[in-house]
Number of protein chains: 2
Amino acid sequence: MVKPATVSSYLTEAMVREIIDSGIMPEGSIQLICGGVGDLFEHLTEQDVVTFTGSATTGRMLKSHPNILENSIPFNMEADSLNYSILGADVTPDTPEFNLFIKGVAQEMTVKAGQKCTAIRRAIVPRNQVDAVTAALKARLDKAVMGDPAVEGVRMGSLVGTDQCEDVWKSVEALAQTCDVLHGGSRDFEVVGADPEKGAFFPATLLYCDDPFASEVPHSVEAFGPVSTLMPYGDTEEAIELAKLGRGSLVGSLVTADDEEAARIVLGTAAYHGRILVLNSDCAAESTGHGSPLAPLVHGGPGRAGGGEELGGSRAIKHYMQRTAIQGSPTTLTAITRQYTAGSKPIIDLVHPFRKYFEDLQIGETLITHRRTVTEADIVNFGCISGDHFYAHFDEIAAKDSLFGKRVAHGYFVISAAAGMFVDPAPGPVLANYGLENLRFIEPVGIGDTIQVRLTAKQKIYKEKRPEDDKATGVVVWDVEVTNQNDDPVAVYDILTLVERRED
Amino acid sequence: MVKPATVSSYLTEAMVREIIDSGIMPEGSIQLICGGVGDLFEHLTEQDVVTFTGSATTGRMLKSHPNILENSIPFNMEADSLNYSILGADVTPDTPEFNLFIKGVAQEMTVKAGQKCTAIRRAIVPRNQVDAVTAALKARLDKAVMGDPAVEGVRMGSLVGTDQCEDVWKSVEALAQTCDVLHGGSRDFEVVGADPEKGAFFPATLLYCDDPFASEVPHSVEAFGPVSTLMPYGDTEEAIELAKLGRGSLVGSLVTADDEEAARIVLGTAAYHGRILVLNSDCAAESTGHGSPLAPLVHGGPGRAGGGEELGGSRAIKHYMQRTAIQGSPTTLTAITRQYTAGSKPIIDLVHPFRKYFEDLQIGETLITHRRTVTEADIVNFGCISGDHFYAHFDEIAAKDSLFGKRVAHGYFVISAAAGMFVDPAPGPVLANYGLENLRFIEPVGIGDTIQVRLTAKQKIYKEKRPEDDKATGVVVWDVEVTNQNDDPVAVYDILTLVERRED
């Protein structure tokens, strides 16, 4: 269920319509509520989750709803954020990083008219760069023509509504108590192609706080529009302290070519931020910039930012799921998870598992191979073909003093010989070995040791057939255990194979 | 900071003293508060975390403290829990699982006199086994002699205090409104070696609810003492529905020899539980049982259980830490994390990295090897020594129709030849290759292709020297990339080596 703010409900409705029309969601799985939710919160149960993005005030109200508290209903919140961007002490107007910083701050002010939870609210710069930064930002903001975005040349549109405008004016007035206005901040501004009286326009406004340790306001008042406050720092420690005064933000960024300073500032401020971007001329071309939360990265922040966590790859869906630890015999765990757990009862079939199509392979199906006695000739031959003449395999004197106390077979020989034992050579549904995971050599294999392999189908991963694929396939993960004559494991690992599907 | 309930503060004080005396905690890092905490909660900041175990009522009060809400202070709660244990439909008194169930229920009632958040409050059994279970449980509880645990033969001690006794009496009275008392439940009981008037003794009490769908009480009233309620089910669906009526518990258990039934019940009830144990005669001997939360497993549960998560291996410490996503150029990320990120600027040294002690190796130090042209003879020889004559390497006709369109070298040959190129043969600080991770074969290597290896020190893990260790060592993880003549990667992986430390 999606519930937008009333003022943005028309836009949300259009977006939800696109989502439904795209067919990516199962029918009936997405619902939109515009306007009040009535007594919806009374009907939530411990199997529901609430995710909220908006003001801290509303968030706190919802989070302390009696039913949310009573039933420990998971509540993920993303609230206010006084994100920082720091200009590194090493950066001067003649280095490429200076322009990256200016561009970033101006962009975060004007994109979506600064109505972004990730926008840079605090631009923290070395005191001796304040004038240069001010001049460059003003020049850039002068070019950010405001008006109807459909009109050629317009770079910034309006706020979401006129109420929002008044909120931002109030915030700017609060900030102006302890900050100077460097740019904008006046109700007298130009609008292109639209009526300034009708549209919710707000001018890009840059403030300056000369003593940012003396006032809490620039670190706590979030003007949710094209508004940012410039503030100076003395040394790196001061920059870190200023960043932390935001008391929890979604994102910080740092523009510097000095990686050691980057390490200090990131380690000093990370505990207060959900994400930190370090920008320099090396990565600028492919960086998505300060303001873009990306799916594989955590989005959310501690404290003022609400304490939530969204995105972060597969972690993103864990907020919506109950995690349960399951205990039982390996065979029971295999039955529950449909994934082989080491120690499960093997399924033995006379047909070699490499002769079976993806559909026909059963989880737990096990091949126990013939055996092979490892000889001195094997070590010599393997060293010659691989070129690996490491002393533990070839130098009887040094090997005696080694961890192993004697010459031993190459680990790579052991896994190569294992493949020689479990592979079925003729063409069949197993098309290729494309990877290997979690290999551990447990015991050395010496001359005269006899090895054997147990290969078990551990997991099957269905792959959607793409137009460019010749054959329909799936991935099969095999658990491999190589043992010696004492039945002790000498090597354990997983291999990944591509296996043909019977159906197309 | 540890703050016990007042009634258990003497015991906690003794435990904390043991912890401090053991020396496992840095000095000053653990503090104990007995009694009230004063205005401590007013002084918490967004950098603190509160973890609470206790009643849902107290938990809700603390969780909704204005400062906790205002600053989004992480609050992990473990509260009430009406844990279930289900006897499988397949289990009859003549199967070993029957006794496992009886033993489990009786044990969870009497160990710590049932004052365990994980105790079995609801024993759910097939209706046709109610009489047999009742008889067996009564026989077992009769043998659970209550009194001074220091006296020979005593199996169950007192509750933590007399107030607790009165609380449990109140809960039992509430349960008795809709349940019959099968055992105990009367203030007339025997105590061995102690004064029943002075000690906080409570008799092991078994109740029976004949229509568990008709009353909410047995699913919501947690009598925090040696108290459990037996209830019957018809079919598996009913057993699942009853388990869910607890509306969120720490743990459920299921005693059955039928793995398919186990799968149905676990999948049906997992969303309401933090942990589920399936017990059968296979795993009973090494199982820690229903009541033991184990460090690698999640401890906590949704809904009534508080919605918290503790333990779960390394996840357990994540509740106490802020997670931050870091973006930047690979070289910057390496400087911040002190772990090599692929794409970082390499550090090249004339000395082979295998000749360097653990301390001397720099993260990012890179060896670029000589090259090797792969020949038909290599494939033939490698097939003969490994025994791997898979058609993709040996059958020109079938190989033409394969994924690769031609005969290709064995993947195991490629990684063996890579080792032959990067290994320095003489004895040195690199003692052994003990594992390999994340191997992916990216491109096939054909006859005539020329391969080369880039080996980079990725991560160093210091190992504490144990008395039995010959040498002081550390683990070095190396990033390995094998490329072909077009500089395309053909295989990428990590290898793990044991490297000697200079210092002892």
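Residues numbered from 1 in each chain as written. Chains lettered and ligands numbered in written order. Predicted model: local features only at pLDDT ≥ 70, side-chain atom pairs only at ≥ 80, totals over all residues. Heavy atoms only, no water.

A. Quick peek at a positive patch on the surface. A contiguous patch of positive charge, built from A:K103, A:R140, A:K143 and A:R155, is present on the exposed surface. Along the chain, the position of A:K143 falls in the loop between α5 (130-142) and α6 (162-176). (Patch = residues over 30% accessible without salt bridge, like charges linked within 9 Å, V, L, I, M, F, W, Y side chains within 5 Å. Areas by Shrake-Rupley, 256 points an atom, 1.4 Å probe, with all protein chains shown as cover. Salt bridge = Lys/Arg side-chain N within 4 Å of Asp/Glu carboxyl O. Lys, Arg positive; Asp, Glu negative; His and termini not counted. Charge placed at Lys NZ, Arg CZ, Asp CG, Glu CD. Helix = DSSP H or I, 4+ residues; strand = E, 2+ residues; numbered from the N terminus.)

B. Spotlight on the packing of helix α8 (residues 236-244) of chain A against helix α9 (residues 259-269) of chain A. Residue and element names in this part refer to chain A. Put simply, α8 and α9 touch, their axes get as near as 9 Å, and they point 30° apart. Judged by the twist between their axes, the crossing of α8 over α9 is right-handed. On the side of α8, the interface is formed by T236, I240, A243 and K244, while α9 contributes E261, R264, I265, G268 and T269. Tallied by class, residues from the contact of α8 with α9 come to three nonpolar, three polar and three charged. (Axes fitted to C-alpha atoms, helices over the stretch in contact; angles between N-to-C directions. Left-handed = near helix turned anticlockwise from the far one by under 90°. Contact = heavy atoms within 4.5 Å. Nonpolar A, V, L, I, M, F, W, Y, C, P; charged D, E, K, R; others polar.)

C. The arrangement of the nonpolar core in detail. A:F422, A:Y493, B:F422 and B:Y493 are the most contacted members of the largest nonpolar core, which totals 82 residues. Among residues more than four places away in sequence, those in contact with B:F422 are A:Y412, B:H352, B:F354, B:L367, B:T369, B:V453, B:L455, B:V480, B:Y493 and B:I495. (Core = buried A, V, L, I, M, F, W, Y, C linked by side-chain atoms within 4.5 Å. Buried < 20%, exposed > 50% of the residue type's maximum accessible area, 1.4 Å probe, protein only.)

D. Fine view of the side chain of A:T450. Residue and element names in this part refer to chain A. Mapped onto the elements, T450 comes out in strand β16 (residues 450-462). Within the local environment of T450, its side chain forms a polar contact with the side chain of T373, the two groups lying 2.9 Å apart. Other than its neighbours up to four places away in sequence, T450 contacts R371, R372, T373, T483, N484 and Q485. (Polar contact = N/O pair within 3.5 Å; in protein donor to acceptor, adjacent residues only side chain to side chain.)

E. Structural context of the relation of the copies chain A and chain B. Between the two copies, chain A and chain B, the superposition gives an RMSD of 0.1 Å; the rotation angle is 180° and the shift along the axis is 0.0 Å. Those values place the two copies in the arrangement expected of a two-fold rotation axis. Nearest to the rotation axis, the C-alpha of A:E437 is located 2.5 Å from it, this being the minimum over chain A. Comparing interface residues between copies, 100% of those in chain A also sit at the interface in chain B, which points to an isologous, same-surface contact. (Least-squares fit on C-alpha atoms with pLDDT ≥ 70 in both.)

F. Structural view of the packing of aromatic side chains. Enumeration according to the criterion identifies 13 aromatic pairs over all chains in this entry. Centre to centre, the rings of A:F354 and A:F422 are 6.1 Å apart; their planes meet at 70°, and the pair counts as edge-to-face. One end of the pair, A:F354, is in the loop between β13 (347-348) and β14 (365-373); the other, A:F422, is in helix α15 (residues 411-422), and 68 residues separate them in sequence. By the burial criterion, A:F354 is buried, and A:F422 matches it. Centre to centre, the rings of B:F382 and B:F413 are 5.5 Å apart; their planes meet at 70°, and the pair counts as edge-to-face. One end of the pair, B:F382, is in helix α12 (residues 376-386); the other, B:F413, is in helix α15 (residues 411-422), with 31 residues separating them in the sequence. On the accessibility criterion, B:F382 (1% relative accessible area) is buried. Residue B:F413 is classed as buried on the basis of its relative accessible area of 2%. Ring pairs connect the aromatic residues A:F382, A:F413, B:F382 and B:F413, which therefore count as one cluster. Of note, B:K460 hangs over the ring of B:F358, and the distance from its end group to the ring centre comes to 5.1 Å. (Phe/Tyr/Trp six-rings, centres within 6.5 Å; stacked < 30°, edge-to-face > 60°. Lys NZ or Arg CZ within 6 Å of the ring centre and 35° of its normal.)

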